[in-house]
Amino acid sequence: MSLIVIHNYINGELLPPADGEYLDTYEPATGQVYARTPESGAADLQTAIDAAQAAFPGWAQMPGEHKSQCLIRLADLIEANHDQLAEAEARDNGKPVTLARNVDIYRAAANIRFFAQGLTQFSSESHGMENRAINFTLRDPLGVVACISPWNLPLYLFTWKIAPALAMGNTVIAKPSEITPMTAWLFSRLCIEAGLPAGVLNILHGSGPAIGGPLTTHPAIKAISFTGGSATGTLIKQATAHQHKKLSLELGGKNPTLVFADCDFDRTVEQVARSAFANQGQICLCGSRIYIERSIYDRFVDALTEQVKQLKIGDPLDPQTQFGALVSEDHMRKVLGYIDLARQEGGTVLTGGKQIRLEGRCADGYFVAPTIIAGLSNQCRTNQEEIFGPVCTVQAFDNDDEALLMANDSDYGLACSLWSRDINRCHRLAQQINTGIVWINCWLLRDLRTPFGGMKASGSGREGGLEAMRFFTEAKNVCIQYND
Ligand SMILES: NC(=O)C1=CN([C@@H]2O[C@H](COP(=O)(O)OP(=O)(O)OC[C@H]3O[C@@H](n4cnc5c(N)ncnc54)[C@H](O)[C@@H]3O)[C@@H](O)[C@H]2O)C=CC1
Ligand SMILES: O=C(O)/C=C/C=C(\O)C(=O)O
């Protein structure tokens with residue numbers, strides 16, 4: 001079977017990498033190479049920067065209504081190609097095609113439509129003063145910005161970054177993950193079909209060392225919006241420290257799930273399983289530390305284990321599949337290594353704990369059974385380090401204070417979910433938990449207007465709604481005092 005050959009999208013054209021270097025792209029469900037992805041280099045970066053700089057004045061000055069229409073055309077085209085994109089995402093990432101359809105691709109179109117509409121409603125602030133003065137804030141686009149996205153929600157997070165950047169009048173160099181380049185490649189063809197002006201969006205493929213690092217430190221780049229691992233976020237911060245760029249870093253998580261005895265039991269079991277294992281646990285928001293009030297601990301853990309055993313593991317392209325492959329062999333090895341570590345740390349595997357060998361086309365795929373581990377201390381590495389896979393732990397607590405202490409005992413601070421019918425308790429804990437997002441009796445219920453991001457090692461800055469739109473502008477305050 002011939003390999004799909006991916007190109008960069010620069011200045012409105014689909015171009016091979018200047019020096020002809022490519023990476024192999026694997027299908028996680030089969031372990032086979034099925035595409036070749038440009039390993040872009042300095043020459044590609046400079047061509048893209050030149051194109052983005054040349055396009056900037058025209059795009060920045062284009063009336064908002066026209067920019068909005070360009071973006072809406074893109075959202076429409078994602079919707080028109082929904083099934084093709086969902087299948088491509090499932091094949092490239094290993095996620096179930098049903099998830100790709102209902103979540104990833106749906107959300108990719110919604111991201112673009114949301115910011116396309118948002119830009120027509122955006123207004124800057126003004127602040128009147130008593131001594132006959134008024135401040136108003138100018139919010140101009142920054143120029144050329146970088147959007148770097150990861151492999152777990154490929155088109156979903158790619159569009160979540162480029163949409164506000166473009167909406168606010170910036171031109172963009174976007175770098176999708178080299179591990180999952182396929183939907184960004186298909187998207188570049190939609191940009192041409194939509195008539196997006198040349199150079200407004202440029203998509204460079206390749207690895208972090210080859211193109212991600214050079215992109216972030218290029219002096220023409222005014223801001224970087226990054227989602228990925230905390231270690232990479234730190235590298236970007238360090239590499240650009242002397243350059244004073246705007247940075248938005250959405251990094252890892254080790255998210256607590258707090259289950260109280262008064263929760264809606266059946267619904268909580270179902271939703272806690274979803275929060276731990278959706279996308280094979282490869283979402284930065286997944287609840288991987290599950291704390292359960294002692295009086296229901298045994299019953300809840302039994303029910304959760306049963307629920308997880310029912311997950312249909314299979315070929316990501318099969319619409320019946322609920323749980324697919326991990327994204328790469330390296331990542332599978334990392335996850336299996338953490339399961340070994342958990343055993344060494346004294347944990348008991350309640351379900352899963354091993355690689356799964358499927359038959360037929362998926363015999364060599366990267367499948368790991370959804371895994372629940374009990375009997376570990378809160379302080380052990382399994383409970384402190386981000387695994388980013390289908391592994392969660394269960395622990396008991398005796399009261400709200402202990403639950404809070406355990407939940408906050410982490411270097412990370414991204415998301416938390418609370419499951420209780422006591423709304424006073426939920427309000428109290430929501431205020432005291434050190435995470436950027438708190439879900440009460442729900443998980444991953446997303447309103448695109450809300451601030452999204454984490455504390456501590458989970459990142460800095462917030463995405464979403466006005467936070468993202470303002471991030472992609474330079475604010476300038478003008479203060480006028482007037483006389484009689
Ligand atoms: N959203 C999240 O929270 C994510 C967390 N992770 C975590 O990170 C771990 C490592 O996964 P990776 O794929 O290696 O994530 P990563 O952080 O290396 O990759 C994310 C993006 O950053 C780019 N990148 C890598 N090094 C860069 C650099 N020096 N400068 C600029 N861009 C760079 C990558 O090419 C990719 O597009 C995972 O096991 C997981 O724990 C990974 C992906 C998403
Ligand atoms: O914006 C969202 O709804 C979800 C974002 C998820 C991530 O950033 C992630 O998993 O990396």
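Residues numbered from 1 in each chain as written. Chains lettered and ligands numbered in written order. Predicted model: local features only at pLDDT ≥ 70, side-chain atom pairs only at ≥ 80, totals over all residues.

Describing helix H8 (residues 230–239)
Thinking step 1. Those residues of H8 that fall on the buried side of the exposure criterion are Ser 230, Thr 232, Gly 233 and Ile 236. Looking straight down H8, one finds that the buried residues subtend no more than 160° of arc, so they occupy a single side. Away from its buried face by more than 90 degrees, H8 exposes Ala 231 and Gln 238.
Thinking step 2. Lining the buried residues of H8 we find helix H7 (208–217), strand S11 (221–227), strand S12 (246–250) and strand S24 (459–460). (Buried ≥ 20, exposed ≤ 12 C-beta atoms within 10 Å, placed from the backbone. Helix = DSSP H or I, 4+ residues; strand = E, 2+ residues; numbered from the N terminus. Arc of directions from axis to C-beta. Contact = placed C-beta atoms within 7 Å.)

Description of the sheet that holds strand S15 (residues 348–351)
Thinking step 1. Here seven strands make up an open sheet; going across it, the order is S15-S18-S19-S14-S13-S21-S22 and the pairing mixed. Edge positions in the sheet fall to S15 and strand S22 (437–440), since each of these pairs with one other strand and no more. Adjacent strand axes in the sheet meet at a mean angle of 25°, parallel and antiparallel pairs treated alike.
Thinking step 2. Across four bridges, strand S18 (residues 371–374) lies against strand S19 (residues 391–397) in parallel orientation. Residue Thr 371 lies in a different strand from S19, and its bridge partner there is Val 391.
Thinking step 3. Against the sheet, helix H9 (residues 265–277) makes contact with strand S13 (255–259), strand S14 (287–293), S19 and strand S21 (415–419), and its axis sits at roughly 155° relative to S14, the strand it touches most.
Thinking step 4. Helix H10 (residues 297–309) rests against S13, S14, S15, S18 and S19 of the sheet, and its axis sits at about 60° to S15. (Pairing = 2+ DSSP bridges. Axes fitted to C-alpha atoms, helices over the stretch in contact; angles between N-to-C directions.)

A short note on helix H13 (residues 400–408)
Thinking step 1. Listing the buried residues of H13 in full gives Ala 403, Leu 404 and Ala 407. One side of H13 holds all its buried residues, which, seen down the axis, span an arc of 100°.
Thinking step 2. The secondary structure elements touched by the buried residues of H13 are S13, S14, S19, S21 and helix H14 (423–432).

A word on the domain arrangement of the protein
Thinking step 1. Partitioning the protein into structural domains gives domain 1 (4–251 + 458–477) and domain 2 (255–448).
Thinking step 2. A straight line from the C-alpha centre of domain 1 to that of domain 2 covers 30 Å.
Thinking step 3. Each partner contributes residues to the interface: domain 1 has 25 residues there, and domain 2 has 26 residues.
Thinking step 4. Of all the secondary-structure elements, those providing two or more residues to the side of domain 1 that touches domain 2 are helix H3 (82–93) and helix H4 (97–121).
Thinking step 5. Considering every element that reaches the side of domain 1 that touches domain 2, the biggest residue donor is H4, with five residues.
Thinking step 6. Partitioned by chemical class, the residues of the side of domain 1 that touches domain 2 number twelve nonpolar, ten polar and three charged. (Domains from an automatic or database assignment. Nonpolar A, V, L, I, M, F, W, Y, C, P; charged D, E, K, R; others polar.)

A word on the UniProt feature "domain: Aldehyde dehydrogenase" (unreviewed entry) in the protein
Thinking step 1. With numbering aligned to this structure, UniProt lists the feature "domain: Aldehyde dehydrogenase" (unreviewed entry) at residues 20–478.
Thinking step 2. Note that residues 20–478 is 42% helix and 22% strand, and that its end C-alpha atoms are spaced 50 Å apart. (UniProt positions renumbered as here; feature names shortened; annotations may be inferred.)

A closer look at the site of ligand 1
Thinking step 1. Taken together, 27 residues surround ligand 1, and among them Gly 208, Gly 212, Gly 228, Gly 229 and Cys 284 come closest.
Thinking step 2. Among the elements of the structure, H7, H8 and helix H11 (329–344) are those that each provide at least two residues to the shell around ligand 1.
Thinking step 3. For the shell around ligand 1, the element with the highest residue contribution is H7, accounting for four residues.
Thinking step 4. Residues that form the shell around ligand 1 fall into these classes: nine nonpolar, 14 polar and four charged. (Near = placed C-beta within 6 Å.)

Points about unusual backbone geometry
With the exception of glycine, most residues fall at negative phi, and the peptide bonds are largely trans.
Thinking step 1. The backbone phi angle of Arg 132 is positive, close to 50°, even though this residue is not glycine.
Thinking step 2. Residue classification places Arg 132 among the exposed positions, given that 11 C-beta atoms sit within 10 Å.
Thinking step 3. The backbone of Gln 280 shows a phi angle near 60°, a positive value even though the residue is not glycine.
Thinking step 4. Mapping Gln 280 onto the fold places it in the loop between H9 and S14.
Thinking step 5. For Gln 280, a count of 31 C-beta atoms within 10 Å gives the class buried.

A few points about the sheet that holds strand S5 (residues 32–38)
Working definition: the strands of a sheet are paired by backbone hydrogen bonds and lie parallel or antiparallel to each other.
Thinking step 1. If you walk across this open sheet you meet the three strands as S1-S5-S4, and the pairing is mixed. The two strands at the open ends of the sheet, each matched to only one other strand, are strand S1 (4–5) and strand S4 (22–27).
Thinking step 2. One ladder, built from six bridges, connects S4 with S5; its direction is antiparallel. Bridge pairing links Tyr 22 to Pro 38 in S5.

Some words on the packing of H7 against H8
Thinking step 1. For the pair H7 and H8, interaxial distance at closest approach is 9 Å and the crossing angle is 45°. If you check the angle between H7 and H8, you find them oblique. As H7 packs across H8, the resulting crossing turns out to be right-handed. Residues Gly 208, Gly 213, Thr 216 and Thr 217 of H7 touch H8, and the partners they reach there are Thr 232, Ile 236 and Ala 239.
Thinking step 2. Tallied by class, the residues present in the contact of H7 with H8 amount to two nonpolar, five polar and no charged. (Parallel < 35°, antiparallel > 145°, perpendicular 65-115°, else oblique. Left-handed = near helix turned anticlockwise from the far one by under 90°.)

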